[in-house]
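Fold and geometry: a report
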Amino acid sequence: WRMNRQRSLFAAALVLGGVVLAVLDRWLVETPKWSAMALLNLHTCIALLLSIFCLQIFGSDQPVFWRESASGMSVPAYFQSRVYMNSFDVVVLSFLFTATYFVICQPGVEFGAFFAPFLLTAFVASGWGYFVSTVVPPKHGPFIVSL
């Protein structure tokens, strides 16, 4: 509950991204429903935003982590607890993005079939965010993730 402000910011960014891409695909560019380019843009957007969101999981508490691990804290338990608690956020944020696009654009498939690839992309992007946040300083994370 302590990160609700940041969660809200990323949720708003994801919803805004879904709205912008859906409006572009449906009315401005009139992209065909079968176009792979629209899906590529959607997956790129969700991957970038969620990987940046996941940088704060391990990057924000690095000094505390090093101090606690030196005093005997279980590193695998710390990792698993952080990833497990963040997985709920990843699923909810992915659902918000995908549902927003789906409602506006009406792609012509069932929502479950449309949502499954986005969920897989979200978990890959979150893993990338976890990895980058453990190996680089927090200030360099967003730049490296966007590469």
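Please refer to the structure higher up on the page.
The paragraphs below set out a description of the structure included in this document. Just so it is clear, the model here is predicted, and its values are computed rather than measured.

1. Focus on the pattern of salt bridges
According to the stated counting rule, one finds 2 salt bridges in the structure shown. As a salt-bridge pair, D89 and R7 come within 2.8 Å of each other at their nearest N and O atoms. A residue pair is termed long-range when its members are at least 10 positions apart, and D89 in helix α4 (residues 75-105) and R7 in helix α1 (residues 4-28) qualify at 82 residues. Of the residues examined, R7 reaches a relative accessible area of 23% and is grouped as partly exposed. With a shortest N-O distance of 3.6 Å, E68 and R67 are connected by a salt bridge. The exposure class assigned to E68 is partly exposed, which follows from its relative accessible area of 32%. Judged by relative accessible area, which is 53%, R67 ranks as exposed.

2. Here we look at the packing of aromatic side chains
Under the criterion given, the structure shown has 15 aromatic pairs. Within the aromatic cluster, the residues linked to one another by ring pairs are F95, F97, Y101, F102, F111, F114, F115 and F118.

3. As for the side chain of D89
Classification of D89 by relative accessible area gives buried; the value is 11%. Residues contacting D89, with those up to four places away along its chain left out, are R7 and F53.

4. What about helix α5 (residues 111-135)?
Taking 1.5 Å as the rise per residue, α5 with 25 residues should run 36 Å; its terminal C-alpha atoms sit 36 Å apart, in good agreement. Those residues of α5 that are buried are in contact with α2 (36-59), α3 (62-70), α4 and α6 (141-146).

5. Quick look at unusual backbone geometry
Even without glycine at this site, E30 takes up a positive phi of about 55°. As for its placement among the helices and strands, E30 is situated in the loop between α1 and α2. The backbone of Q106 shows a phi angle near 50°, a positive value even though the residue is not glycine. Residue classification places Q106 among the partly exposed positions, given a relative accessible area of 39%.

Quick notes on the rules
- Residues numbered from 1 in each chain as written.
- Predicted model: local features only at pLDDT ≥ 70, side-chain atom pairs only at ≥ 80, totals over all residues.
- Heavy atoms only, no water.
- Salt bridge = Lys/Arg side-chain N within 4 Å of Asp/Glu carboxyl O.
- Helix = DSSP H or I, 4+ residues; strand = E, 2+ residues; numbered from the N terminus.
- Buried < 20%, exposed > 50% of the residue type's maximum accessible area, 1.4 Å probe, protein only.
- Phe/Tyr/Trp six-rings, centres within 6.5 Å; stacked < 30°, edge-to-face > 60°.
- Contact = heavy atoms within 4.5 Å.
- Expected span 1.5 Å × (residues − 1).

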